[in-house]
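Remarks on the overall topology
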Amino acid sequence: MFRAIVLTAALCSGVALAQDPRVTISAVYGGGGGAAPTWRCDYVELHNRTQVPIALGGWSIQYASATGMAWQVTPLTGVIDPCGYFLVQMSCGAAGMPPPPPDMIGTTAMSNASGKVALVNTTVALVGPCPIADPTIEDFLGYGTANCWETAPGPSVAPMLSATASLQRLDEGCIDMDDNGADFLRVDPAPMPRNTQSQPYCCQPTGGACCYSNGACLAEPNQAQCEAFGGLWQGDGTACTPETCRPVACCFPDGSCSNVPAGTCGLLGGAAGPAGSDCFTTLCPRACCLPDGSCVMLPIPVCQAQGGAPQAGGLTCAMVVCPITPQGACCRPDGTCVVVPVGQCNGTYLGDGTLCTPGACLGACCLPDGSCLMTLNIGCTAGNFLGVGTSCVPNPCEQACCFQTSCADLPAAQCLANGGTPQGPGTTCVSVNFCREACCLPDGSCIDTLPIICQGQGGQSQGSGTACATTQCRGACCFPDGSCFMTPPLGCTAGVFLGIGTTCVPNPCREACCYPNGSCSDLAPMQCLSTGGSPQGPGTNCAGIQCPLPGCCLPSGACVNVPPTVCISQNGTPQNVPCIATTCPPDRCNGVLVGDANCDNSVNNFDIDFFVQGVLVGSPPDPTLAPPGYLALGGTQACWDRRRCWGDVNCDGLFNNFDIDPFVMCILAPPPPGNGCPSCTAQACCFPGGICTNVLPASCTLSGGMPQGAGSNCGIVICP
């Protein structure tokens, strides 16, 4: 049946509609590769809770350790059938029963005790140790001692796993109470995982009314199916009536309004208007405090028109105490005077409690000839009105006017017209000492004189109104070692004089110096530059700034700004610049052991036949379809795609017949389980732009980098 796309008017009010996930994480097992596991491989099982097929293309399974912040991404493809299951196989070991055929294969090694698993509707890696609020997350599971769970900081975390136990979502994957601890049960031994060929299980629908944009109302089995067809869910147990989907005005506690069905209005926390009402004719009330201290329920525009103050959304008059608004005299531009609250005065407010007495709105009016007249603002058309309450005594229309060699009392406009500098209303040539000001001479002495005379003697004028009696003619002198000394200008021959009046407290000669590793030192600028630092500017110090942390390239290709020690602890490579200037290539060989041709996490004689199949094809080119001989041995396409990583035993970045002899030597003295052939270890890899990561040569060449040779690392290599 055709269903029109619904006009989601409810969302326009700022209220989000809650909805359960369409697809859930129905089971998780992390014991693959451990001691005496139930199943050979780690896996994540998904369940479609709806009765419509859902395409998983562009989605991903993401995993992080219990307290980790680096998320490993396994992209998904394919379709999960209505009520069906979908099996994503992760890292495998040699022991345990083989799981059923997976629908997707990843390489992530999951913990059999504690960790975090997210189903995300993009392939962009999550950020941070607890990204529970990320809107791209469809479902989330934190188990064991994980520092994040659904819904963090929510009810409880799911139980801890083991080599034999799995976590199973209740009701075959249907239960979702946003509580990992309540939604999942620890089952030991882990039951058989389910894939797309398993028997589907449909979640029990509750049913309810669903409104569509054309006004139609249909009974749908659940909210998910209603919204999948663009409907607006009216709630579990609701029924379709002639009025169910007819929009009405819905008033919310904040005074806003939306046209939505009456049932939806209640679900959103609003109050529905009568049948036939709409937001064009309905004004939603809220508490309004009037100037006299009374309170009435009024719509916002009506409240403001009456000089009232609308209160916060959700408050009623029974919940607020309205203050009495102070009033005072208000002089309007037309010269009239009224007593109103300050917020209603569109002129000059004379203060709380003032009255409109005769002459209250008079002020000084300066005429062009310098005379002064007391009048209303409206009566000062031929002059400059100085403001209500100003006075003509003393005459504010004349002021001291300073010239280069003299002073005169003049109107400001006349002073400017003659090239002078007005000293401000109320000033006279006597009050400003005939325009003399303090003048600091190069030897540190001071004289009170005119600016032009100060300049002629090589001095530095200190500005209008200054006098030698209150002026210090010294300043800060910065020396090359960053020390500071107070001296007259002539005494700073071996340093840089910062100017008269500058001070050495705090020391202006040192500033914060940031280094690429995020550390900071207070140094002279030249000292900072000579030691590879970046000066942060005069007046800065390490106590007041945070130097940018350097970037850290993680094996997944993600970049985080952390100290180098933290970066190394997370198997990352510290960079010399922040992440904003760094593009981290992913480690194409992450999790692969050199020499492990069958990808069972151990290098031994069982790898010989697989290695032979690989060396017959070689690498590059990459990738190719696994040959029948390799697959017949039990190898997988995923393992074959990474053959350069396990086949490059001589550490030259390629997989060819030159790797045979070092491989034979490795098999004759096999490394411990979980370790690769010791003939090839990580080394520095340089990428364009000066980016460096410590990876296997095969990973370096696969990503377009240049290996720097055995024994190199990014701590000693400088990439061009």
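Residues numbered from 1 in each chain as written. Predicted model: local features only at pLDDT ≥ 70, side-chain atom pairs only at ≥ 80, totals over all residues. Heavy atoms only, no water.

Notes on a nonpolar patch on the surface
Together, Ile608, Val612, Leu616 and Val617 make up an exposed nonpolar region whose accessible area comes to about 340 Å². Mapped onto the secondary structure, Val617 falls in helix 11 (residues 608–617). Given a relative accessible area of 40%, Val617 falls into the partly exposed group. (Patch = residues over 30% accessible without salt bridge, like charges linked within 9 Å, V, L, I, M, F, W, Y side chains within 5 Å. Areas by Shrake-Rupley, 256 points an atom, 1.4 Å probe, with all protein chains shown as cover. Salt bridge = Lys/Arg side-chain N within 4 Å of Asp/Glu carboxyl O. Helix = DSSP H or I, 4+ residues; strand = E, 2+ residues; numbered from the N terminus. Buried < 20%, exposed > 50% of the residue type's maximum accessible area, 1.4 Å probe, protein only.)

A short note on the packing of helix 11 against helix 15 (residues 660–668)
Here helix 11 crosses helix 15 at 175°, and the two axes come no closer than 12 Å. Comparing the axis directions of helix 11 and helix 15 gives the class roughly antiparallel. Seen from helix 11, the contacting residues are Ile608, Phe611 and Val615; seen from helix 15, they are Ile660, Phe663 and Ile667. Along the lines of polarity and charge, the residues of the contact of helix 11 with helix 15 split into six nonpolar, no polar and no charged. (Axes fitted to C-alpha atoms, helices over the stretch in contact; angles between N-to-C directions. Parallel < 35°, antiparallel > 145°, perpendicular 65-115°, else oblique. Contact = heavy atoms within 4.5 Å. Nonpolar A, V, L, I, M, F, W, Y, C, P; charged D, E, K, R; others polar.)

Examining the environment of Cys492
Its location among the elements puts Cys492 in the loop between strand 35 (484–487) and strand 36 (496–500). What makes Cys492 buried here is its relative accessible area of 8%. Spatially, the C-alpha atoms of Cys492 and Ile80 are 80 Å apart, while their sequence positions differ by 412 residues. Once residues lying within four places of it in the same chain are set aside, the contact partners of Cys492 are Cys477, Thr487 and Phe497.

Observations concerning the side chain of Glu45
Its place among the elements puts Glu45 in strand 2 (residues 41–48). Reaching out from Glu45, the side chain makes a polar contact with the side chain of Ser26 at a distance of 2.8 Å. A polar contact is formed between the side chain of Glu45 and the backbone nitrogen of Arg194, at a distance of 2.8 Å. Excluding residues within four positions of it along the chain, Glu45 makes contact with Thr24, Ile25, Ser26, Ala27, Tyr85, Phe86, Pro193 and Arg194. (Polar contact = N/O pair within 3.5 Å; in protein donor to acceptor, adjacent residues only side chain to side chain.)

Focus: unusual backbone geometry
That bond from Val505 to Pro506 is cis: its omega, -5°, falls within 30 degrees of zero. When you line up the elements, Pro506 lands in the loop between strand 36 and strand 37 (511–514). For the bond running from Ser619 to Pro620, omega is 5°, close enough to zero to count as cis. Positioned with a positive phi, Asp171 is a non-glycine residue whose angle comes to about 55°. The backbone of Glu172 sits at a positive phi, close to 60°, despite the residue not being glycine. Summarising the element assignment, Glu172 is placed in helix 2 (residues 170–173). Residue Glu172 is classed as partly exposed on the basis of its relative accessible area, which comes to 37%.

Concerning the pairing of strand 28 (residues 399–402)
In summary, the side chains of a regular strand alternate between the two faces of the sheet. Pairing between strand 28 and strand 29 (residues 407–410): four bridges, direction antiparallel. In the sheet register, Cys401 faces strand 29, and the bridge partner there is Ala408. Counted along the chain from strand 28 to the antiparallel partner strand 29, the turn is four residues long. As judged from the two bridges shared by strand 28 and strand 30 (residues 421–422), these two strands associate in the antiparallel manner. The residue of strand 30 that forms the bridge with Cys402 is Thr421. (Pairing = 2+ DSSP bridges.)

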